[in-house]
Structures are given as structure tokens and as C-alpha cells.
Amino acid sequence: MTLSREQQAEIAAQREAETPTRRATVPALEEILYQPLPVLDHGFVRVIDYMGDDGAVVQAARVSYGRGTRKVSEDRGLVNYLMRHRHTTPFEMCEIKYHVKLPIFVARQWIRHRTANVNEYSARYSILDKEFYIPAPEQLAAQSRSNRQGRGAVLEGAEARRVLDLLRGDAERCYADYIEMLNEDETGNPVEEGRQGLARELARMNLTLNVYTQWYWKTDLHNLLHFLSLRADPHAQYEIRTYAEAMLETVKRWVPLVHDAFMQYRMGGVHLSEGGLAVVRKLLRGEAVDQAASGLSAREWRELMAVLGRPL
Ligand SMILES: Cc1cc2nc3c(=O)[nH]c(=O)nc-3n(C[C@H](O)[C@H](O)[C@H](O)COP(=O)(O)OP(=O)(O)OC[C@H]3O[C@@H](n4cnc5c(N)ncnc54)[C@H](O)[C@@H]3O)c2cc1C
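An account of the accompanying structure is given in this report. (Residues numbered from 1 in each chain as written. Predicted model: local features only at pLDDT ≥ 70, side-chain atom pairs only at ≥ 80, totals over all residues. Heavy atoms only, no water.)

### Some points on the overall build of the protein
Reasoning step 1: Within the protein, the secondary structure is distributed over 13 helices and seven strands.
Reasoning step 2: Taking the principal axes of its C-alpha atoms as reference, the protein extends roughly 80 × 60 × 30 Å.
Reasoning step 3: Residues counted as buried form 37% of the 312 residues belonging to the protein.
Reasoning step 4: Residue pairs in contact within the protein that sit at least 24 positions apart in sequence constitute 69% of those at least 6 positions apart. (Helix = DSSP H or I, 4+ residues; strand = E, 2+ residues; numbered from the N terminus. Buried < 20%, exposed > 50% of the residue type's maximum accessible area, 1.4 Å probe, protein only. Contact = heavy atoms within 4.5 Å.)

Here you go:
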């Protein structure tokens with residue numbers, strides 16, 4: 001993650017300023033407000049603003065007039081109940097705004113989450129930074145043989161070196177061509193006198209998908225948890241998962257009761273089909289059951305045995 005001196009100074013100035021307010025604030029989140037949390041090689045996620053706290057969720061659920069005088073244990077019980085029973089609207093009472101710097105191919109997955117407000121850095125207006133995501137060697141994996149949307153063993157030796165060379169070389173070359181077509185360097189100065197240069201909105205089409213883009217991304221807590229349940233999940237692609245994991249830490253600081261309920265009932269729990277539940281009931285009764293008799297597909301059976309920690 002590389003921030004210019006000016007960007008660092010802007011963040012420091014924002015962190016210096018304090019605004020008195022009657023609204024709920026959360027000291028643990030204030031501690032990291034505006035601070036970039038590094039993700040991947042040049043990316044980050046930082047909390048820019050937020051509204052509400054754990055109290056706002058319980059307040060809305062009780063439709064109360066004030067912050068209430070209930071004990072934390074009662075609030076925890078209520079938040080757990082809401083999470084368990086998918087009573088989701090009280091979670092929509094909290095909002096959070098992030099500034100994210102991420103590779104374009106990660107942004108393409110992320111933008112599928114339609115229930116957020118997004119404003120992306122304009123590559124029609126500005127020149128994109130010369131920053132490309134190059135996977136760490138341990139992330140340079142082969143195509144999985146069992147999962148078409150997954151990775152297998154890590155590439156090694158000459159093959160790994162060749163892949164890294166190609167990734168770096170292609171990104172560098174395309175970026176150099178981008179600059180040549182623009183006839184402007186990264187700071188907007190002309191490269192060669194006497195050439196007009198291609199419009200920024202056109203020149204960008206030549207860039208590789210590992211170039212970093214940036215956006216402001218604002219959503220409510222309910223939709224954020226939905227995003228995290230999909231993207232912090234082990235099935236999500238590693239690159240977007242690292243962002244989701246960093247955001248999960250911000251949720252833990254911001255709304256610890258909601259975070260605990262989410263980890264307990266969503267991230268740590270599983271959803272069983274009717275057939276899956278029937279298998280579990282049989283196993284609890286000590287009855288023998290196999291895939292053929294269960295009526296589950298081979299894949300669903302494998303998934304169920306994996307969550308139950310039983311051999312196939
Ligand atoms: C592991 C994984 C693999 C994926 N693979 C693919 C893939 O191969 N190809 C691909 O195209 N996508 C893929 N996706 C993206 C996926 O299909 C969803 O588009 C993405 O996860 C956003 O989910 P969402 O629609 O629930 O979220 P959001 O857009 O945030 O929506 C939240 C919820 O709001 C409701 N909602 C929002 N908009 C509408 C609408 N227009 N109509 C009805 N209900 C709406 C739905 O209930 C939805 O669940 C993948 C996602 C994951 C996590």
C-alpha cells in the first residue's frame with residue numbers, strides 16, 4: 001500500500017479534528033477512523049464514516065424513545081434473537097462508509113452487490129496509478145481439479161517464476177502503452193511535444209485487470225453482513241476474501257454484539273435442507289445412513305459430511 005505524502009497528511013488532519021455530537025459514537029471504531037487497513041499488495045480499506053452502534057439496532061427493534069436502561073446481556077439476547085430469526089430490518093438502521101482501493105478484477109466481483117451506494121474513481125477524468133496486483137507466491141495456485149471455481153496446488157519453481165514474469169511484464173507493458181497513448185505521465189505532464197494524446201476514457205481500455213481502482217462504498221449493516229457472509233466465506237476467491245476479512249474486523253470494533261451474533265449464527269452456522277436434517281436425525285438415533293439411501297446428491301452428501309466432520 002503506497003500513499004503519497006499529501007494523502008497521508010490529509011488522513012492525519014482528519015484524524016486530528018474532533019466534532020462534538022449528540023449522536024452515538026463507538027470509541028473502538030473511532031480509533032481506526034480514516035486509517036487505511038492494508039489489503040493485498042497495494043490495496044486498502046478504511047472506514048470513512050458510520051451511523052449507529054449496537055444500541056441503534058436494539059433501539060429500533062424495541063422502537064424505544066431513548067437509549068434504554070437494559071443490561072448488555074439483555075441487548076445481546078435480543079441481537080442474537082434477531083440474527084437467529086432473520087429479523088433483519090433493525091440491522092438496516094446502522095450505516096457505514098468505506099474507501100476501498102482494489103484491483104479491477106476484484107471490483108467486478110464486488111460490484112455485483114447491488115445494495116450499496118458506490119462512487120468509483122473516474123478513469124475518464126483522472127489517470128490511474130501505476131499499481132498492479134501481483135499475487136504473493138503462496139497464492140499462485142493451479143486450477144482446482146475438483147472445483148471449477150477454485151484453486152488447487154501452489155505453482156512452484158520455473159512455472160511460478162514464468163507466471164510472475166508474465167503478470168508483471170504484461171501489466172507494465174500495457175501501462176506503458178496507456179501512458180504513450182495518453183501522451184501524459186502519471187502526474188498529467190505531456191510526454192512528447194506536438195502530440196494530442198488519446199482521451200483518458202479510451203486509453204484506459206488497454207489496461208490489465210490487476211490495475212488498482214478505488215471507490216467509496218456505503219451500505220447498511222444488514223447488507224454489509226450479507227456481503228460478508230458471501231465474501232468472507234472460505235469459498236470466496238482469496239483476493240476479495242482478504243478485503244471482507246479486514247471489514248469484518250471493522251464490524252467487530254463497531255458493533256461487537258452484532259458481530260458476535262453474526263459469527264455465531266451466520267458464519268459459524270449451517271443451513272440444512274430437509275433431506276440433510278433427516279440424515280442428521282438418523283445419525284443422532286444411531287441409525288446407519290448412506291448417500292444412496294439419503295436421497296441427497298453426491299455433492300450435497302459430501303458437503304453435509306464435511307460440515308458434520310464425518311468421513312465419507
Ligand atoms: C462464491 C461465489 C461465486 C459466484 N459466481 C458467480 C458467477 O459465476 N457468475 C455470476 O454472474 N455471479 C457470480 N457470483 C455473484 C452472485 O451470483 C451474486 O450476484 C453476488 O454474490 C451478489 O449477491 P446478492 O445478489 O445476494 O447481493 P446484493 O446485490 O447486495 O443483493 C442483496 C439481496 O437483495 C435482493 N436483491 C437485490 N437486487 C435484486 C433484484 N434486482 N431482484 C431481486 N432481488 C434483489 C436479493 O435478495 C439479494 O440477495 C458469485 C458469488 C459468490 C459469492
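We are not done yet, so read on.
### Thoughts on the packing of helix H8 (residues 221-231) against helix H9 (residues 238-254)
Reasoning step 1: Running from amino to carboxyl end, H8 crosses H9 at an angle of 140 degrees, the nearest separation of the two axes being 9 Å. With respect to H9, the element H8 is oriented oblique. Here the hand of the crossing between H8 and H9 comes out left-handed. Of H9, the residues touching H8 (which contributes Leu221, Leu224, Leu225, Phe227, Leu228 and Arg231) are Ile240, Arg241, Ala244, Met247, Leu248, Val251 and Trp254.
Reasoning step 2: Its residues assigned to classes, the contact of H8 with H9 comprises 11 nonpolar, no polar and two charged. (Axes fitted to C-alpha atoms, helices over the stretch in contact; angles between N-to-C directions. Parallel < 35°, antiparallel > 145°, perpendicular 65-115°, else oblique. Left-handed = near helix turned anticlockwise from the far one by under 90°. Nonpolar A, V, L, I, M, F, W, Y, C, P; charged D, E, K, R; others polar.)

### Details of empty space enclosed by the protein
Reasoning step 1: Tallied over the full model, the rule gives two cavities of 30 Å³ or more.
Reasoning step 2: Estimates place the volume of the largest cavity at around 50 Å³.
Reasoning step 3: Lining the largest cavity, in full, are Leu82, Met83, Arg86, His87, Thr88, Phe91, His222, Leu225 and Arg266.
Reasoning step 4: Secondary-structure elements contributing two or more residues to the lining of the largest cavity are helix H4 (72-84) and H8.
Reasoning step 5: By residue class, the composition of the lining of the largest cavity is four nonpolar, three polar and two charged. (1 Å grid on protein atoms, 1.4 Å probe; cavity = no way out; pocket = protein on both sides within 12 Å on 5 of 7 lines; lining within 4 Å. Points joined across faces, edges and corners; volume = space filled by probe spheres on them.)

### Some thoughts on the sheet that holds strand S3 (residues 95-103)
Reasoning step 1: Across the sheet, five strands lie side by side as S1-S2-S3-S7-S4; this open sheet has antiparallel pairing. In this open sheet, the two edge strands, each paired with only one partner strand, are strand S1 (37-39) and strand S4 (117-120). Pairs of neighbouring strands in the sheet enclose a mean axial angle of 25 degrees, with direction left out of account.
Reasoning step 2: Packed onto the sheet, H8 meets S3 and strand S7 (212-220) and runs at close to 130 degrees relative to S7.
Reasoning step 3: Relative to S3, H9 is tilted by about 155 degrees, and along the sheet it contacts S1, strand S2 (43-51), S3 and S7. (Pairing = 2+ DSSP bridges.)

### Observations regarding the site of the ligand
Reasoning step 1: If you check the shell around the ligand, you find Arg112, His113, Arg114, Thr115, Gln149, His226, Leu230 and Arg231 and nothing else.
Reasoning step 2: Contact between the ligand and Arg112: an oxygen atom at 2.6 Å from a side-chain N or O atom of the residue.
Reasoning step 3: Here an oxygen atom of the ligand and a backbone polar atom of Arg114 are 2.6 Å apart.
Reasoning step 4: Here the residues of the shell around the ligand sort into one nonpolar, four polar and three charged. (Near = heavy atom within 4 Å. Polar contact = N/O pair within 3.5 Å; in protein donor to acceptor, adjacent residues only side chain to side chain.)

### Considerations on the packing of aromatic side chains
Reasoning step 1: The full count for this structure, using the stated rule, is nine aromatic pairs.
Reasoning step 2: Note on Trp110 and Trp217: the rings are 5.6 Å apart at their centroids and 85 degrees apart in plane angle, and the pair reads as edge-to-face. You can see Trp110 sitting in helix H5 (residues 104-110) and its partner Trp217 sitting in strand S7, a full 107 residues away along the chain.
Reasoning step 3: Taking relative accessible area as the criterion, Trp217 reaches 2% and is therefore assigned buried.
Reasoning step 4: With centroids separated by 6.0 Å and ring planes inclined at 65 degrees, the aromatic side chains of Phe132 and Tyr175 adopt a geometry described as edge-to-face. (Phe/Tyr/Trp six-rings, centres within 6.5 Å; stacked < 30°, edge-to-face > 60°.)

### Examining the pattern of salt bridges
Reasoning step 1: If you walk through the whole model with that rule in mind, you get 14 salt bridges.
Reasoning step 2: In this structure, Glu95 engages Lys218 in a salt bridge whose closest nitrogen and oxygen atoms are separated by 3.1 Å. Separated by 123 residues along the polypeptide, Glu95 in strand S3 and Lys218 in strand S7 bring together distant segments of the chain.
Reasoning step 3: For Glu95, a relative accessible area of 22% gives the class partly exposed.
Reasoning step 4: Several salt bridges share partner residues, and in doing so they unite Lys101, Asp129 and Glu131 into one network. (Salt bridge = Lys/Arg side-chain N within 4 Å of Asp/Glu carboxyl O.)

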